[in-house]
Amino acid sequence: MTSALLQVVWSPGSDHLTGVCHCGAEYRADGPVEVWQWLLAHPDHEASIEAGID
Amino acid sequence: MVFPRNQWYVAAYGEEVGEELLARTICGEPIVFYRTGAGDAVALADRCVHRRFPLSEGHRDGDRLVCGYHGFTYEPDGRCVAVPAQTRIPRTARVPVYPVVEQDSLVWVWIGDGDADPAAIPRAPWLDAEGWVVVRGMEPLEARYELLVDNLMDLSHETYLHGGYIGTPEVAETPITTSVDEEAGVVRVSRRMKDVECPPFYANSTGIKGRIDRWQDIEYQPPCLYLLHSRIAPAGLEPAPDGDDSAAFHAEIVYGITPSTETTTFDFWMVARDFALDDPEVTTYLAESNRTVVMQDVVALNLLEKVIATEPEGYQELSINIDTGGLAARRLLQRMTDES
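Residues numbered from 1 in each chain as written. Chains lettered and ligands numbered in written order. Predicted model: local features only at pLDDT ≥ 70, side-chain atom pairs only at ≥ 80, totals over all residues. Heavy atoms only, no water.

(A) Just the packing of aromatic side chains, in detail. All names here are of chain B. Tallied over the entire structure, the rule returns nine aromatic pairs over all chains. Seen in terms of ring centroids, Phe-201 and Tyr-202 are 5.0 Å apart; in terms of plane orientation they differ by 85°. Their pairing is edge-to-face. In this pair, the class of Phe-201 matches that of Tyr-202, namely buried. Looking at Arg-192, its charged tip hangs above the ring of Trp-215, at a distance of 3.7 Å from the centre. (Phe/Tyr/Trp six-rings, centres within 6.5 Å; stacked < 30°, edge-to-face > 60°. Buried < 20%, exposed > 50% of the residue type's maximum accessible area, 1.4 Å probe, protein only. Lys NZ or Arg CZ within 6 Å of the ring centre and 35° of its normal.)

This is the structure we're talking about:
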């Protein structure tokens, strides 16, 4: 059974947030609105895994 | 109304419910609380079925409530058993009864329909446990409950609003980790600070002279219960490998966030500690200091509510990284409201 845990980590030393979906996909975002939109798009965010900012 | 229904809310502290009639509007519903001779807390709709007179303005006849207007008399189960000048009791003469549970020193009331399952009430065991001392109070807030949720989910404001009490520069500067358990409906926001300044609130209560490691682990169980697990330890003091952390100081900061009306809130605040248990001076200091901190929030949030009342609909706020947990809480609250 998959966990329903969504996590957002504030990357040390940066202004970026990293969203971690319960499916394991990750995404880096500039702000909380963007990161929640991405997380809540599951499962449709799979193609966006690499689309986050660097 | 904009409240999640079919939920448990903190209605009162156990000692507030007694012989006297306690009137409290919760989620827009006027309720009268009292305790029966057997010691059970009772919650009835605070309106007589006859002409809507508040029953809290009446008096007790044993376990019964007598309306102060025309004498309609109600049992604790809401049944009317006496009306003036006639023996026939109308079939519809009954006031709604609210399910009530006392747990962890709090009186919880169920607002809504459906299954009022006591097992769904979130726990705050430190409030009524051996090895902990608790100070607490309740401040009525002239602001919507969402503003208090926002406030508590983002502790960065401690640095600015509560400087000299619980705020130090590091609080606003330390990044946070946020998680949402979608199944349990819990938001957690964690901020771990190493080798930082000890704010007076903790320096004066723990006796720590130097710098500290300070953990702030928020656990919000919407809509009503907010827990802040606060760990304070001399810098570098880690929990033991087996998890034993008894050398550190722990404070469990608990809030019952109970909507009263659309723009007013009951702000139940509690601080439980596992140190200086026999020191009344620490108890007095924490009670006074924490009330000061709470009142700083109350003043700010009351002001915010006035601002909101003057602004045009659809005002767009700006959210930044520190709001990650607050946005998660808002979403869960909206989901609960939509489902109820």
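(B) Representation of the pairing of strand S2 (residues 17–20) of chain A within the structure. All names here are of chain A. Alignment of strand S1 (residues 5–10) against S2, held across four bridges, turns out to be antiparallel. Bridge pairing in S2 links Val-9 to Thr-18. Hairpin connection between S1 and S2: a loop of six residues separates the two successive antiparallel strands, and Gly-13 in this loop has a positive phi of roughly 75°. For S2 and strand S3 (residues 26–29), the ladder comprises four bridges, and the chain directions are antiparallel. Each residue of the ladder has a partner; that of Thr-18, found in S3, is Arg-28. (Pairing = 2+ DSSP bridges. Helix = DSSP H or I, 4+ residues; strand = E, 2+ residues; numbered from the N terminus.)

(C) Examining the sheet that holds strand S9 (residues 100–103) of chain B more closely. Residues and elements named next belong to chain B. The three strands are arranged S1-S10-S9 in an open sheet whose pairing can be described as antiparallel. Taken across any chain shown, the strands that pair with only one partner, and hence form the sheet edges, are strand S1 (7–13) and S9. Averaged over neighbouring strand pairs, the angle between their axes works out to 35° when direction is ignored. Across four bridges, the pairing between S9 and strand S10 (residues 106–111) is antiparallel. In the sheet register, Val-101 faces S10, and the bridge partner there is Trp-108. (Axes fitted to C-alpha atoms, helices over the stretch in contact; angles between N-to-C directions.)

(D) Spotlight on the sheet that holds strand S3 (residues 29–35) of chain B. Residue and element names in this part refer to chain B. Judged by pairing direction, the sheet is antiparallel, and its three strands sit side by side in the order S2-S3-S4 without closing on themselves. Single-partner strands in this sheet number two, and they are strand S2 (22–26) and strand S4 (41–45). Direction aside, the axes of adjacent strands within the sheet are offset by 30° on average.

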